[in-house]
Amino acid sequence: MDSILSNAKLEPVWHTNNKIIFLLASLALFLIIFPLFGPSSFYLHLMIMIFMYAVMAQSWNIIAGLSGQISLGHAVFFGIGAYTSSFLFVEYGITPWIGIFIGMIFSALVAVLIGIPMLRLSGHYFAIATLLIGISFQLVFQRWELVGAASGLWIPLTEGSSWFAFQFHDSKAPYYYIFLIFFILTFLFAWRLSRSKIGFRLRAVRDDYQAASSLGINVAKYKIIAFAISAIVMAPMGSLFAQYILIVDPDRMFSIEISIIVLLMTVLGGIGNIWGPLIGVAILIPVSEYSRMYLGGTGGAVDQIFYGLILMLICIFRPAGLISFFPKHILERKKQR
Amino acid sequence: MTFEIILQAVVSGLLMGLIYALIAAGLSLIFGLMNIVNFAHGEHLMLSMFSSFWLWSLLGLDPIFSIPITVLMMAICGVLTHYFLIRYILKAKMLVQICATFGLSIFIRALAQFLWTPDFRSVDKPLLEGRIEIANIFIGQPQLFASLVCLFAFVILYLFVTKTETGLGLQATAQDREAAEIVGIPSNRMFAIGWAIGLGCVGVAGGMMSNYFFIFTDVGVNFALFAFVAVALGGFGSVIGCLYAGIIIGLVESLGGLLIDPSFKLLYVFAIYLLVVIYRPQGLFGRY
């Protein structure tokens, strides 16, 4: 049974032959023209959720898959993104388009500030610390009067749709395209990152930090960089989701369920591979949305039972994720002459 | 603020600390034995509180008398956890181990919520009720009794681990799994025993707490977090370290709540965690 980190063969699908490019291009084209078919708003919502969670899972994949640190409090960056853009809009009328970028900067700052003291932690201690940080942030925001404490921020409705205020009341299509753009950008970014020098150094740190350190890689610096990049990818999703549902409250934005689900989707699909999160999301989000539709509400927690079960089963039987079911020749890099 | 109020906070922190210590001891035992952190520890605590609650509500058994049954059930639960889950991930990477026990915690909590709804429950009119007064300090009887039972269980655990043959076998397996197997200590059985004892500790703590604590599906989360902190503070795999660490956490929690702001209790404990893992990663009583 392969373990997650030792299968160097399962690195990204990065041999860019014509077949793969054609496949990806046609998929992208389909996603672009999808709203033109006039799907019901449920399907648009479903696709929006898939894009959003795919980006979030990719963010988790960068910290866990590339640098090998398990974060159990990733909702922190989601919440910071959501709160920053919403607060700026509600209090100062700054358009969320700028707020998104300020949220990314804040998120990266928090990641660096958290990262510096936690540099020396590894493994279990890091995971426990992130779990505590996630809960601490929720606790602080629940009692922080400036940002509305437990009831959160309510984003005022505009009359009609407005690009400035980032609100579209007639149709979900604008949201769809905005999420789609972020989704494509994130995947291109993750793809470039995994091939870049930073990506290789991060993997070296992950696989053997002593060897990496002896080759002159500043282990501490790269761990922080990975954490900050991961935070930067996560934050815009918080901002966009806040504009999508128009309410920001600590229970939803800093929910531990967000931290759980990004972990689950990545582990299910295949950790450390940029396509892993996409596979996990494509399976879990429809299941979750349909189960919410048919089983109703969150009170029964039926979906959570399945999440826990899936997570345990995948850890026992397929620790490399569902992507390891794909034939080897697709996953492996072609030997270069 | 008078001296008496502070003394009152110290006493209640001390009583709570003894319970944290026992919960942490179970976690530390498993952690030290097989280097796996049981992220479902809080959910196991929740299960033991519910076991005690159902024995009271269905059979009319007072939580004090149902302790042995609860402990036995939790021990079986520990063996089953080992047999069905942990056994398979012993040699896996740490990433997989964290995800597996984290998955177990989600599963147990969601299942409990599904079966029993997230309502708050409590045991009405337990045998132990009321409070006693010593020199103007009020001590709740159930709290006092729970802490004493936990301390007693802790002493038994300590004697078991350091004095009996099985306990020494556990220690040997914790130090070097393969060397222990060579001298004839079956590591798989030791792991199962470790899980049984670890969750048995949780059973004692949960059973006693069901006397005076609200019982609901998320009750274990904070206790598990405090237990993680206590294990880090007490030192990796050190059982006696957990006792001191648990008491320190109990005191910080209650004094911090009294002197600064009670709603941020978790943050003070978290600050201790960060200080310890940064400046003394081996913990206060760690061997290395």
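Residues numbered from 1 in each chain as written. Chains lettered and ligands numbered in written order. Predicted model: local features only at pLDDT ≥ 70, side-chain atom pairs only at ≥ 80, totals over all residues.

### Observations regarding the overall build of chain A
1) Next: Check the secondary structure of chain A and you find 14 helices and two strands.
2) Next: For chain A, the proportion of its 337 residues judged to be buried stands at 49%. (Helix = DSSP H or I, 4+ residues; strand = E, 2+ residues; numbered from the N terminus. Buried ≥ 20, exposed ≤ 12 C-beta atoms within 10 Å, placed from the backbone.)

### Some points on the overall build of chain B
1) Next: Of the regular secondary structure elements, chain B holds 11 helices and two strands.
2) Next: The globule rule puts the C-alpha radius of gyration for 288 residues at 19 Å, and the 19 Å found for chain B is close to it.
3) Next: Once the C-alpha set of chain B is aligned to its principal axes, its extents read approximately 60 × 45 × 35 Å.
4) Next: Counting across all 288 residues of chain B, residues that qualify as buried make up 52%.
5) Next: Of all intrachain contacts in chain B linking residues separated by at least 6 positions in sequence, the fraction that spans at least 24 positions is 79%. (Rg over C-alpha atoms; globule rule 2.2 N^0.38 Å. Contact = placed C-beta atoms within 7 Å.)

### Some thoughts on the pairing of strand β1 (residues 131-134) of chain B
All names here are of chain B.
1) Next: Here β1 runs beside strand β2 (residues 137-140); their pairing, made up of four bridges, is antiparallel. Paired with Ile132 across the strands is Ile139, a residue of β2.
2) Next: Turn length for the β1-β2 hairpin, with the two strands adjacent in sequence and antiparallel, is two residues, and the turn residue Ala135 shows positive phi of about 50 degrees. (Pairing = 2+ DSSP bridges.)

### Here's the deal with the interface of chain B and chain A
1) Next: Every contact between the two is made by 34 residues of chain B and, on the other side, 36 residues of chain A.
2) Next: Residue assignment for the side of chain B that touches chain A shows that the elements contributing at least two residues are α3 (63-89), α4 (94-116), α9 (220-234) and α11 (265-279) of chain B.
3) Next: Here the element with the most residues in the side of chain B that touches chain A is α4(B); it accounts for 15 residues.

### Brief notes about the packing of helix α1 (residues 3-34) of chain B against helix α10 (residues 239-259) of chain B
1) Next: One way to put it is that α1(B) packs onto α10(B) with a least axis distance of 6 Å and a crossing angle of 140 degrees. Judged by the sense of rotation from one axis to the other, the crossing of α1(B) with α10(B) is right-handed. (Axes fitted to C-alpha atoms, helices over the stretch in contact; angles between N-to-C directions. Left-handed = near helix turned anticlockwise from the far one by under 90°.)

### A short note on helix α6 (residues 173-195) of chain A
Residue and element names in this part refer to chain A.
1) Next: Between its first and last C-alpha atoms α6 spans 33 Å; for 23 residues at 1.5 Å apiece the expected length is 33 Å, and the two agree.
2) Next: By the burial criterion, the buried members of α6 are Tyr175, Tyr176, Ile178, Phe179, Phe182, Phe183, Thr186, Ala190, Leu193 and Ser194.
3) Next: Where α6 is buried, its residues meet α2 (41-66), α7 (197-207) and α9 (219-245). (Expected span 1.5 Å × (residues − 1).)

### A word on the nonpolar core
1) Next: By size, the foremost hydrophobic cluster in this structure holds 200 residues, and its most contacted members are Leu22(B), Ile23(B) and Ala230(B).
2) Next: Excluding anything up to four places from it in sequence, Ile23(B) contacts Leu45(B), Cys201(B), Val202(B), Ala205(B), Phe223(B) and Ala227(B). (Core = buried A, V, L, I, M, F, W, Y, C linked by C-beta atoms within 7 Å.)

### Side note on the confidence of the model for chain B
Residues and elements named next belong to chain B.
1) Next: Here chain B averages 85 in pLDDT, and 99% of its residues register 70 or above.
2) Next: Of all helices and strands in chain B, the one with the weakest mean pLDDT is β1 (76), whereas helix α2 (residues 41-59) scores best (91).
3) Next: Here the prediction assigns the complex a pTM of 0.84, and the interface score ipTM is 0.84. (pLDDT = per-residue confidence, 0-100.)

### Let's talk about α9(A)
1) Next: Its 27 residues give α9(A) an end-to-end C-alpha distance of 40 Å, which sits within 8% of 39 Å, the value for a rise of 1.5 Å per residue.
2) Next: For α9(A), a buried count of 21 out of 27 residues is recorded, marking the element as mostly surrounded by other parts of the structure.

### Examining unusual backbone geometry
1) Next: Unlike most non-glycine residues, Leu246(A) shows phi in positive territory, near 60 degrees.
2) Next: Its place among the elements puts Leu246(A) in the loop between α9 and β2 (247-248).
3) Next: Owing to 14 C-beta atoms within 10 Å, Leu246(A) belongs among the partly exposed residues under this scheme.
4) Next: Unlike most non-glycine residues, Asn35(B) shows phi in positive territory, near 55 degrees.
5) Next: Residue placement: Asn35(B) occurs in the loop between α1 and α2.

### Regarding the environment of Lys125(B)
Residue and element names in this part refer to chain B.
1) Next: Along the chain, Lys125 falls in the loop between α4 and β1.
2) Next: Judged by the 7 C-beta atoms lying within 10 Å of it, Lys125 falls in the exposed class.
3) Next: For the pair Lys125 and Tyr212, spaced 87 residues apart in sequence, the C-alpha separation works out to 9.9 Å.

### With respect to the packing of helix α11 (residues 256-269) of chain A against helix α13 (residues 302-317) of chain A
All names here are of chain A.
1) Next: Viewed as axis vectors pointing N to C, α11 and α13 meet at an angle of 40 degrees, and their least axial separation amounts to 10 Å. The angle between α11 and α13 falls in the class oblique. Read as a crossing pair, α11 and α13 show a hand that is left-handed. When α11 is examined against α13, the residues Ile260, Leu264, Val267 and Leu268 are found in contact with a partner set consisting of Tyr307, Ile310, Leu311 and Ile314.
2) Next: Along the lines of polarity and charge, the residues of the contact of α11 with α13 split into eight nonpolar, no polar and no charged. (Parallel < 35°, antiparallel > 145°, perpendicular 65-115°, else oblique. Nonpolar A, V, L, I, M, F, W, Y, C, P; charged D, E, K, R; others polar.)

### Some words on the environment of Gln8(B)
Residue and element names in this part refer to chain B.
1) Next: Note on placement: Gln8 falls in helix α1.
2) Next: Look at Gln8 and you get partly exposed, because 17 C-beta atoms sit within 10 Å.
3) Next: The sequence separation of Gln8 and Phe138 amounts to 130 residues, and the corresponding C-alpha distance is 7.1 Å.
4) Next: Not counting residues up to four positions away in its chain, the partners in contact with Gln8 are Ile137 and Phe138.

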